Amino acid sequence: MYDHPGVKTSADFPVPDEMRAWVLGDPDELTLESKPVPVPARAEVLVRIDAVAICATDLEIIHYGSPAKILGGLPFNKNFTPGHEYMGTVVALGPGVDEFDIGQRITVEIHAGCGQCKRCRQGMYTACLNYGLNYGDVDKGHRANGFTTDGGFAEYAVNNINTMIAVPDSMSDEEATLVVTAGTSMYGLTELGGLVAGESVVVMGPGPIGLLAVAVAKALGADPVVLTGTRDGRLAIGKELGADHVINVRNEDAVKIVKDLTGDIGADYVIECAGTESAVNDAVHMINRGGKICLAAFPHDPVTFDLPELVRNNVYLYGIRGEGRSATHRAMAFMASKRFDATKIHTHTFPLDDLPTALKYARERIEDAIKVVVTAKHRGAAQEAAE
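Below: a short report on this structure. (Residues numbered from 1 in each chain as written. Predicted model: local features only at pLDDT ≥ 70, side-chain atom pairs only at ≥ 80, totals over all residues. Heavy atoms only, no water.)

With respect to the overall build of the chain
Phase 1 of the analysis: Helix and strand counts for the chain come out as 12 helices and 17 strands.
Phase 2 of the analysis: Principal axes of the C-alpha set define a box for the chain whose edges measure 70 × 40 × 35 Å.
Phase 3 of the analysis: The buried share of the chain, reckoned over its 387 residues, is 55%.
Phase 4 of the analysis: At a minimum sequence separation of 6, the contacts of the chain that also span at least 24 residues come to 69%.
Phase 5 of the analysis: The distance from the centre of the 35 positive side-chain charges to the centre of the 51 negative ones in the chain is 5 Å. (Helix = DSSP H or I, 4+ residues; strand = E, 2+ residues; numbered from the N terminus. Buried < 20%, exposed > 50% of the residue type's maximum accessible area, 1.4 Å probe, protein only. Contact = heavy atoms within 4.5 Å. Lys, Arg positive; Asp, Glu negative; His and termini not counted. Charge placed at Lys NZ, Arg CZ, Asp CG, Glu CD.)

Next comes the structure, spelled out in structure tokens:
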């Protein structure tokens, strides 16, 4: 029986002592094992995971290890459970927690910073200077589930209350897993980028972050919003999400078209989500003087690009990691009020037991998979009402 000092539970949501969780062994090796259900501490809750979306970063972690950091190094063979884009139901409250109720549906951010370092005090907790120092010993405060602490490919996880956003009854479990993706785009465009209505935005790469960057940019009043990519099907979804123009870079010169659309001055913002050298260089040459380039992808290798062009034109270049400064709360507000339909990027759903198949669909883009969601079997009345 799950019973721990200071932890509040409810008979309506019984919690077992053991749970099933996918554990990472060697690269690309996941096994479904039994692990103890974690115990929430002060300012934490236990979340029963109801759905978790697969992110490209999950695939990177499972194959390469980075950017996860467990016990000071790569996450292989350390009893680590990946997965970070999940939502669920609060089933236990840590000592002193009254900000959430047992039975409440929530979705999560990935990062809870230590709250003590310079970056956390600036609200940049995704860049916490104590990143990766607390696996198995959470006293330092930093937690990035699925990166530095156990994540969502399991039945339960512990979350800091600062990482949680309430999910309205009108929103399905699957849609709720997409809030963090929209929040990442929001963070890059607003909190870090300073986008204001009427400015032009080019999004390069119609993956999940790119497609929701289109939706967020349009909802914020950007004009025009341009999406570039190589897959016509995904470009069509971009149009549905608000892109004013789409460019298939296999057939068209994206730099020339963007210049034509902007009176030959270039775009105010470029959100680079492709992670290729050619895309980064195109971004450099389609941005206007004084414009901003947000790098949202993780290239595998060092990239060579036209640095003199950036310097000559006073271009601002910044990277983005995750969804800092509570951008997910603003993304949830947009999604809950139907400012855009994030479900257009959700293409496939699998049960938790079939995670390897779900990962294969996401990795190989089988049936043009975009966002693949894994769901648990326990679905309650609130979920049924939402559907």
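A short note on the state of the cysteines
Phase 1 of the analysis: Using the criterion set out here, one finds zero disulfides in the structure.
Phase 2 of the analysis: A disulfide-free cysteine, Cys120 has its sulfur positioned 3.7 Å from the sulfur of Cys117, the nearest such atom.
Phase 3 of the analysis: Owing to a relative accessible area of 12%, Cys120 belongs among the buried residues under this scheme.
Phase 4 of the analysis: Cysteine Cys294 is unpaired, with the sulfur of Cys273 as its nearest cysteine sulfur at 7.1 Å.
Phase 5 of the analysis: Take Cys294: its relative accessible area is 1%, and that puts it in the buried class. (Disulfide = S-S within 2.5 Å.)

Description of the packing of helix H4 (residues 179-191) against helix H10 (residues 327-336)
Phase 1 of the analysis: Here H4 crosses H10 at 115°, and the two axes come no closer than 7 Å. When the axis of H4 is compared with that of H10, the two are roughly perpendicular. Crossing hand, H4 versus H10: right-handed. From H4, Val179, Val180, Ala182, Gly183, Met186, Tyr187 and Glu191 reach across to H10, where they touch Ala327, Thr328, Arg330, Ala331, Met332, Phe334 and Met335. (Axes fitted to C-alpha atoms, helices over the stretch in contact; angles between N-to-C directions. Parallel < 35°, antiparallel > 145°, perpendicular 65-115°, else oblique. Left-handed = near helix turned anticlockwise from the far one by under 90°.)

A few points about the nonpolar core
Phase 1 of the analysis: Val201, Val203, Ile271, Met335 and Phe340 are the most contacted members of the largest nonpolar core, which has 48 residues in total.
Phase 2 of the analysis: Among the elements of the structure, strand S3 (44-53), H4, strand S10 (201-204), helix H5 (208-219), strand S11 (225-229), helix H6 (232-240), strand S13 (267-272) and H10 are those that each provide at least two residues to this core.
Phase 3 of the analysis: Sequence-distant contacts of Met335, defined by excluding residues within four places in its chain, comprise Met171, Glu175, Leu178, Val179, Ala182, Phe340 and Ala342.
Phase 4 of the analysis: Formed by 42 residues, the second largest nonpolar core is a distinct cluster that contains Trp22, Val90, Val180 and Leu352. (Core = buried A, V, L, I, M, F, W, Y, C linked by side-chain atoms within 4.5 Å.)

Some remarks on the pattern of salt bridges
Phase 1 of the analysis: Applying the stated rule across the entire model yields 16 salt bridges.
Phase 2 of the analysis: A salt bridge links Lys218 to Asp244; the shortest N-O distance between them is 2.8 Å. With Lys218 in helix H5 and Asp244 in the loop between H6 and strand S12 (245-248), the pair connects residues that are 26 residues apart, well separated along the chain.
Phase 3 of the analysis: With a relative accessible area of 27%, Lys218 lands in the partly exposed category.
Phase 4 of the analysis: Because the salt bridges share partners, they merge into one network encompassing Arg20, Glu155 and Asp353. (Salt bridge = Lys/Arg side-chain N within 4 Å of Asp/Glu carboxyl O.)

Points about the packing of helix H7 (residues 254-261) against helix H8 (residues 277-286)
Phase 1 of the analysis: The contact between H7 and H8 brings their axes to 9 Å, and the two run at 25°. When the axes of H7 and H8 are compared, the pair comes out roughly parallel. The handedness of the crossing between H7 and H8 is right-handed. Facing Ala254, Val255, Val258 and Lys259 of H7, the residues of H8 in contact are Asp282, His285 and Met286.
Phase 2 of the analysis: Residue classes in the contact of H7 with H8 are distributed as four nonpolar, one polar and two charged. (Nonpolar A, V, L, I, M, F, W, Y, C, P; charged D, E, K, R; others polar.)

Some details on the pairing of strand S16 (residues 346-351)
Phase 1 of the analysis: Summarising the sheet, S16 and strand S17 (residues 371-375) pair through five bridges and their orientation is parallel. Paired with Thr349 across the bridge in S17 is Val373. (Pairing = 2+ DSSP bridges.)

Quick word on H5
Phase 1 of the analysis: The end-to-end C-alpha distance of H5, which contains 12 residues, comes to 16 Å, matching closely the 16 Å that a straight helix rising 1.5 Å per residue would cover.
Phase 2 of the analysis: In terms of burial, H5 is a largely internal element, nine of the 12 residues being buried.
Phase 3 of the analysis: Against the buried residues of H5 lie H4, S10, S11, H6 and H10. (Expected span 1.5 Å × (residues − 1).)

A few points about the side chain of Asn145
Phase 1 of the analysis: Structurally, Asn145 is set in the loop between strand S7 (143-144) and strand S8 (156-160).
Phase 2 of the analysis: Only 2.7 Å separates the side chain of Asn145 from the side chain of Tyr86, close enough to count as a polar contact.
Phase 3 of the analysis: When neighbours within four sequence positions are excluded, Asn145 is seen to be in contact with Gly83, His84, Tyr86, Ile110, Asp150, Gly151, Ala157, Val158 and Asn159. (Polar contact = N/O pair within 3.5 Å; in protein donor to acceptor, adjacent residues only side chain to side chain.)

Purely spatial values, then, with no claim about function.
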